[in-house]
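Breakdown of the fold
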Amino acid sequence: MRGLADKVVVVTGAAGGIGAATARRLAEEGARVVAVDLDEERVRKVAESVGGLGVAADVSSEEGVAGYLSAAVERFGRVDLHHLNAGIPGSFATLPELSAAEFDRVMAVNVRGVFLGVRAAFRRYAEQGTAGNIVITGSIGSLRGSADLLAYQTSKHAVLGILKGAAMYGGPLGVRVNAVAPGIVPTDLFAATPAAAGGKDDMSRRASSTPLRRAGTGDDVAGVVAFLLSDDAAYMTGEVVSVDGGASIV
Ligand code: NAD
């Protein structure tokens, strides 16, 4: 893909299934990867495997975001691209059972974390005098409702608000902002599906009834993220690209 070689790219949630796959794919395309995650041990392993920098940071805190950016700049001198991907599923609960504390916990990572990451990216680009670009990980849940995963679905709708506002602000500056909306991808997040919600078996059954008749992989998502970050997507911004085996058209 055009325009990825030698670019410095931050990937958050890089110890997880989709983030690690993106880190690998971007490294294969010649990018220099800054892998960021709460999980220090796993993120360092991912970073090592792609010859990049691993940083343990909490994306929901301003200090965490400032910390990973300064580590990236210290090591590579600049930051060009961002994949803001860290996220948590939240508990399965019906609406009357969902606590305000749980709602806030999910919003802190999935919405505040993306807001802080996008804002920091714009500030960084302004400081550098460069125009990089950004991909956010949304979800098929960005487009649908859910009776028992309300906080997660709400958070994934909210990131589309950030996406659209950031794309409008960034367009005249040459900064593109896009999102991927994965369907069912068997990662740790997917494994968190409790038995009460049908568990893994239900997720597998739902995946096998999508048009492509299978669950997605981290690599399926990573390829689309790499494309959106690359110059091959130079005329795309504010776009939400479903990577769900066709689930969203059923
Ligand atoms: P995962 O659980 O494998 O990875 C998520 C990673 O984010 C973990 O390594 C975790 O440590 C990290 N993380 C969580 N909170 C953090 C924080 N505060 N600061 C820094 N890192 C933090 O899950 P995944 O499936 O790879 O999820 C990646 C993204 O894809 C998430 O935003 C998720 O909502 C989205 N998504 C996943 C699926 C799916 O089926 N797996 C579907 C749609 C969207």
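Residues numbered from 1 in each chain as written. Predicted model: local features only at pLDDT ≥ 70, side-chain atom pairs only at ≥ 80, totals over all residues.

Considering the overall build of the chain
So the rule is basically this: Each helix is a run of H or I in the DSSP string that is no shorter than four residues. Each strand is a run of E no shorter than two, and both are numbered from the N terminus. For the radius of gyration, the atom set is restricted to C-alpha positions; the globular benchmark scales as 2.2 Å times the number of residues to the power 0.38. A residue is called partly exposed when the number of other C-beta atoms within 10 Å of its own lies between 12 and 20, exposed at 12 or fewer, and buried at 20 or more, with C-beta atoms placed from the backbone. Any pair of residues counts as being in contact when their C-beta atoms, constructed from backbone geometry, are within 7 Å of one another.
Counting its secondary structure elements, the chain contains eight helices and seven strands. Relative to the compact-globule value of 18 Å for 250 residues, the chain shows a C-alpha radius of gyration of 17 Å, a close match. Overall, the chain is about 50 × 40 × 35 Å in size when its C-alpha atoms are taken along their principal axes. Going through the 250 residues of the chain one by one, you find that 50% of them count as buried. Of the contacts made within the chain by residues no fewer than 6 positions apart, 69% connect residues no fewer than 24 positions apart.

Side note on the environment of Val-159
Within the secondary structure, Val-159 sits in helix α5 (residues 150-170). The exposure class assigned to Val-159 is buried, which follows from the 26 C-beta atoms found within 10 Å. Along the primary structure Val-159 and Ile-136 are separated by 23 residues, whereas in three dimensions their C-alpha atoms are 7.8 Å apart. Filtering out sequence-adjacent residues up to four positions away, Val-159 remains in contact with Asn-110, Val-111, Val-114, Ile-136, Gly-138, Ser-142 and Ala-179.

Things to note about the pairing of strand β6 (residues 176-182)
Note the cut-off: Any two strands with at least two DSSP-identified bridges between them are counted as paired. Orient the strands so they point away from the viewer, and a crossover whose first-strand-to-second-strand path over the helix runs clockwise is right-handed.
Counting buried positions along β6 gives seven out of seven residues, so the element sits mostly inside the fold. Residues of β6 alternate between two faces, with Arg-176, Asn-178, Val-180 and Pro-182 on one and Val-177, Ala-179 and Ala-181 on the opposite face, all of them buried. Taken together, the five bridges between strand β5 (residues 133-137) and β6 define a ladder with parallel strand orientation. Paired with Ile-134 across the bridge in β6 is Val-177. Since β5 and β6 lie parallel, the crossover through α5 that links them has a hand, and here it is right-handed. Pairing of β6 with strand β7 (residues 240-243), which is carried by four bridges, proceeds in the parallel orientation. Each residue of the ladder has a partner; that of Pro-182, found in β7, is Val-243.

Section: the confidence of the model for the chain
Do not read the fine detail of predicted coordinates wherever pLDDT is low. Inclusion rule: Known as pLDDT, the predictor's confidence for each residue is given on a scale from 0 to 100.
When pLDDT is averaged along the chain, the result is 95, and 96% of the positions lie at 70 or above. The complex model carries a pTM of 0.97, and its ipTM stands at 0.99.

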